[in-house]
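The lines below spell out each chain.
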Amino acid sequence: MEKKIASALISVFYKDGLEPLVRQLHAQGTTIYSTGGTQQFIEALGLPVTPVESLTSYPSILGGRVKTLHPLVFGGILGRRYVDSDRAEMQQYGIPELDLVVVDLYPFQETLKQTSEEALIIEKVDIGGPSMIRAAAKNFRDVAVLASKDDYAGLVSQLQAQSGALSIQQRKEYAAKAFRIVADYDIAISNYFNSDAPMQMIGGGATRHLRYGENPHQSAQFFGDLDSVFTQLHGKELSYNNLVDVDAAIELIREFETPSATGVTFAIIKHTNVCGVAQRSDVFAAWTYALAGDPESAFGGVLVCNGAIDRATAAAINEIFFEVLIAPAFDADALELLQAKKNRILLQVHESTLPQQQYKSILNGTLVQQKDAGNFEKWEEAGGRSSTDAEHADLAFANLICKHLKSNAIALVKNRQLIGKGCGQTSRIDALRQALEKSRQFKFTLDGAVLASDAFFPFSDCVQMAHDAGITAFIQPGGSIRDKDSIAYCQEKGLALVMTGQRHFRH
C-alpha cells in the first residue's frame, strides 16, 4: 500500500544533506512544517515552509525546551487515517495529517566527548525529538519517519522513483530503524546517569552489513562507530573475523606504553591469540623479533604496532602475507609501498575511549563483565631468590602477553620477546608442552627465559618441566591449595617465583 507524502514535519539538529530532500518534497507539492533553525534553513533556500508555532499558536518556550509538544502536532502524527473516529476528531480539532516526520536527536554522545560540564550535557537530553520519532514509528501504517541523516539520500531516490509515495514496507523499515536509534539514545543517557552499571548499546553508530560472519553461512552486522577508533587507509572491507582480530590487537597494544624508554612494541595476532610480540628500541627491530617468535603462524595474521611504520619496516613486512596492519602513523613512502597490494588492510589507529564492559550472548540472555584490567595485584617474590631486574621486566612483559592468550595459557619470554606460547589447552601442562615445542621449533634457547601462566599451577610438574628446559623465573597468580608444591620446588632450586594474586583466564 503506497501512500503519497502530502505533508512533512522537519526539525533536525544536523542540516548537512538536508537540502536535496527539502527540494524534492517541495517539487512534489508537499506541505512542509518546521521549527527554529530548520525553518530558517528552509527559508534561506527560498522555499515555502509553515512554522509549527503558527499551527499550535504557541512559540518556542523555555529556552527551546518546548517547541513541538502539542496535541496538534502529535495528533497529526498519531492519528490513524484508517480509523473513522480518529479522522473525525482530527477534523473536529483542526489537526493536520502529517505523512512524514524528519527528526534527528540532540548530540548527547558527542557532547559527552567534548565536555564534563553537567549543565551542557543535560541540555542535550532530547525530549521532543524521541517523542516525535516514536510516535511516527508507532503509526508507520500512515506515517514515514526518518531519524538519521544517513537516510536522506535514500528517501529522495525512493520518492523520485515512486512519484512521491512510499510503500508500507518501506515505512515499516524506517520505523524499525527509528526505534533502534531512540533505544540507543536512551541507553546512552541511562549510562551517563548509571555509570556504575551501564547497559549494552547495540546500535551506537552506523550499521555495517558484513559479507558474512565467522563462517560463510552465517550472516553478520557490526553496530558502532569504527571511525572513532581508526581510519582505514587502504584495503578491502573489514570482515567479521578481521574485526574480531583487530579488537584483540588493539586491546593488546594498549597494554604497552607508547614508545619511550621501554621501546616500540610490535605484535602479531592470529585468531585473537598472540603468536609473536617483541619490544625493541626501534620499529624495524621490534617487527623483526616479533616475527621471529613464530614466523609460521604469522601468515595471514593481524599486525599491530605502537610506533610509526617507516619504509624499512614496511619493506620487511611486505615480504609476508598478512590481513591487517594497525599503527598510529605511517610514513608516506611506507604507506605507498604497502598500498601496492589492493586487498591489504591498513588502519591508522586513534586515541579513543573503549568500553570497559564485555558482553557475551549465552543461552537466552547476556553475560556482562568488566574488562580484565591491569597486570598484577601484588608482586610477591615467593621463590628461592628474588627476580633480577632483567627477569622482573621479562616477567611483567610475559604476564601481559599471557593475559591475551586463550586459557589454559603459558607464555615464554626472553629479552622482551615471545619465544614460545601454548594456548587454548585443556590442561596447563599441555599448554606448557606446546610452548616448549614452539620454542624448539624456531631454535630458541630457553636458558634464562621466564614463564608466565594465566592461572595457578595445580601441581609442581609445570615448574619442574620448565626448569629442566632452562627457565629460571616464573610468574603466576597463585591460589591453588597446592601452591606450596611449586613454591617448595623453586625455593629448593633457587628459582624466582612471583605470585601476583590476579588471574587472567580468557575463554
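Residues numbered from 1 in each chain as written. Predicted model: local features only at pLDDT ≥ 70, side-chain atom pairs only at ≥ 80, totals over all residues. Heavy atoms only, no water.

Draft legend 1. Geometry of the overall build of the protein. Within the protein, the secondary structure is distributed over 18 helices and 23 strands. Relative to the globule expectation of 23 Å for 507 residues, the C-alpha radius of gyration of the protein, 30 Å, shows a markedly less compact shape. Considering only C-alpha atoms, the protein reaches an extent of 95 × 50 × 45 Å along its principal axes. Within the protein, buried positions represent 50% of all 507 residues. Restricting the contact set of the protein to residue pairs at least 6 apart, pairs at least 24 apart contribute 56%. Carbon together with sulfur atoms contributes 51% to the accessible area of the protein, which is approximately 23,900 Å² in total. Between the averaged position of the 48 positive side-chain charges in the protein and that of its 58 negative side-chain charges there is a distance of 5 Å. (Helix = DSSP H or I, 4+ residues; strand = E, 2+ residues; numbered from the N terminus. Rg over C-alpha atoms; globule rule 2.2 N^0.38 Å. Buried < 20%, exposed > 50% of the residue type's maximum accessible area, 1.4 Å probe, protein only. Contact = heavy atoms within 4.5 Å. Areas by Shrake-Rupley, 256 points an atom, 1.4 Å probe, with all protein chains shown as cover. Lys, Arg positive; Asp, Glu negative; His and termini not counted. Charge placed at Lys NZ, Arg CZ, Asp CG, Glu CD.)

Draft legend 2. A look at the pattern of salt bridges. Applying the stated criterion across every chain, the model contains 20 salt bridges. In this structure, Asp294 and Lys438 form a salt bridge, with 3.1 Å as the shortest nitrogen-oxygen distance. With Asp294 in the loop between α12 (283-292) and β13 (301-305) and Lys438 in helix α16 (residues 428-441), this pair connects stretches of sequence that are 144 residues apart. Side by side, Asp294 and Lys438 carry an identical accessibility label, which is buried. It is possible to trace a salt-bridge network through shared partners that takes in Lys3, Arg81, Glu97 and Asp99. (Salt bridge = Lys/Arg side-chain N within 4 Å of Asp/Glu carboxyl O.)

Draft legend 3. Region of the structure containing the packing of helix α1 (residues 19-27) against helix α9 (residues 152-161). Taken N-terminus to C-terminus, the directions of α1 and α9 make an angle of 25°; their axes are 9 Å apart at the nearest point. It follows from the interaxial angle that α1 and α9 lie roughly parallel. Here α1 and α9 pass one another in a crossing that is left-handed. Of α9, the residues touching α1 (which contributes Pro20, Leu21, Gln24 and Leu25) are Tyr152, Leu155, Val156, Leu159 and Gln160. When its residues are assigned to classes, the contact of α1 with α9 shows seven nonpolar, two polar and no charged. (Axes fitted to C-alpha atoms, helices over the stretch in contact; angles between N-to-C directions. Parallel < 35°, antiparallel > 145°, perpendicular 65-115°, else oblique. Left-handed = near helix turned anticlockwise from the far one by under 90°. Nonpolar A, V, L, I, M, F, W, Y, C, P; charged D, E, K, R; others polar.)

Draft legend 4. Here's a closer look at the sheet that holds strand β6 (residues 144-146). With respect to topology, five strands assemble into an open sheet ordered β4-β3-β2-β5-β6, the strand pairing being parallel. Edge positions in the sheet fall to β4 (50-51) and β6, since each has one partner strand and no second. By the bridge criterion, four bridges tie strand β2 (residues 7-11) to strand β5 (residues 100-103) in an arrangement that is parallel. Bridging from a neighbouring strand, Ser11 pairs with Val103 of β5. Packed onto the sheet, helix α2 (residues 36-44) meets β2, β3 (31-34) and β4 and runs at close to 140° relative to β3. (Pairing = 2+ DSSP bridges.)

None of this, on its own, says anything about what the molecule does.
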